[in-house]
Amino acid sequence: MVQQFKLQPVESKQLTVNSFPALAVVADQVAEQQQGQPQQQQGSATRALIYLIQDGKTIYAMIGASSGPDFATYFPTFTSSMENFRRLTDADKLNRQPERVRIKSVTSATTLSQALTRFQVPNDRLEEMAILNGMQLTDRLTAGQLIKIVAK
């Protein structure tokens, strides 16, 4: 990862995150100077906190990055997020089925809002579907016009 992102490690330490072995690395990434460009000022590098957390044969990489001068401000947030890593066990979240965009044909002249309601789109998602279709809920549709909805 250090080579891939052209990072210069500043410090690193081994630790445990909720019983998982981990490695925390603070590293800098200095932008390469382009021909004809003035040299960057001191402190303009990007600084990153990287946690590599091992769960069996899988290694999760969590990265928090900011400009060098702002890094100290964001460091507690990065650390807190990374140290709260846990294995997902909630069956409701693990067994989610993806939603898919479906194309539907309008059967008669109506408004977008009425058509979406006929296709059983919940009221709290009507505005989202209007945006998906690039329309307003009050726009008129003609019989046979195709619209998009999101459904499982």
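Since the model is a prediction, treat every value here as computed from it, not as a measurement. (Residues numbered from 1 in each chain as written. Predicted model: local features only at pLDDT ≥ 70, side-chain atom pairs only at ≥ 80, totals over all residues. Heavy atoms only, no water.)

### Focus on the overall build of the protein
Counting its regular elements, the protein contains four helices and eight strands. Starting at the N terminus, the α and β elements of the protein follow one another as β-β-β-β-α-α-β-β-α-α-β-β. Taking 152 residues into account, the globule formula puts the C-alpha radius of gyration at 15 Å, and the protein, at 25 Å, lies well above it. Burial analysis of the protein (152 residues in total) assigns 27% to the buried set. (Helix = DSSP H or I, 4+ residues; strand = E, 2+ residues; numbered from the N terminus. Rg over C-alpha atoms; globule rule 2.2 N^0.38 Å. Buried < 20%, exposed > 50% of the residue type's maximum accessible area, 1.4 Å probe, protein only.)

### Here's the deal with the confidence of the model for the protein
In the predicted model, the protein carries a mean pLDDT of 91, and the fraction of residues at 70 or more is 91%. This stretch, residues 39–43, has a pLDDT under 50; its non-local contacts, to residues over four places away or in other chains, come to five contacts. (pLDDT = per-residue confidence, 0-100. Contact = heavy atoms within 4.5 Å.)

### Some thoughts on the packing of aromatic side chains
Tallying each qualifying case throughout the model produces five aromatic pairs. Judged by centre distance (5.1 Å) and plane angle (45°), the ring pair of Tyr60 and Phe85 falls under tilted. Within this pair, whereas Tyr60 is found in strand S4 (residues 58–67), its partner Phe85 is found in the loop between helix H1 (71–83) and helix H2 (91–94), the two being separated by 25 residues in sequence. With a centroid separation of 6.1 Å and an interplanar angle of 25°, the aromatic rings of Tyr74 and Phe78 are classed as stacked. With Tyr74 and Phe78 both in helix H1 and four residues apart, this pair spans about one turn of that helix. When its relative accessible area of 40% is taken as the criterion, Tyr74 is described as partly exposed. (Phe/Tyr/Trp six-rings, centres within 6.5 Å; stacked < 30°, edge-to-face > 60°.)

### Some words on the pattern of salt bridges
Summed over the entire model, instances satisfying the criterion amount to six salt bridges. As a salt-bridge pair, Arg96 and Asp92 come within 3.5 Å of each other at their nearest N and O atoms. Relative accessible area serves as the criterion here: at 55%, Arg96 is assigned to the exposed category. Accessibility expressed as a relative area gives 49% for Asp92, which makes it partly exposed. One network of salt bridges, in which partners are shared, links Glu99, Arg125 and Glu128. (Salt bridge = Lys/Arg side-chain N within 4 Å of Asp/Glu carboxyl O.)

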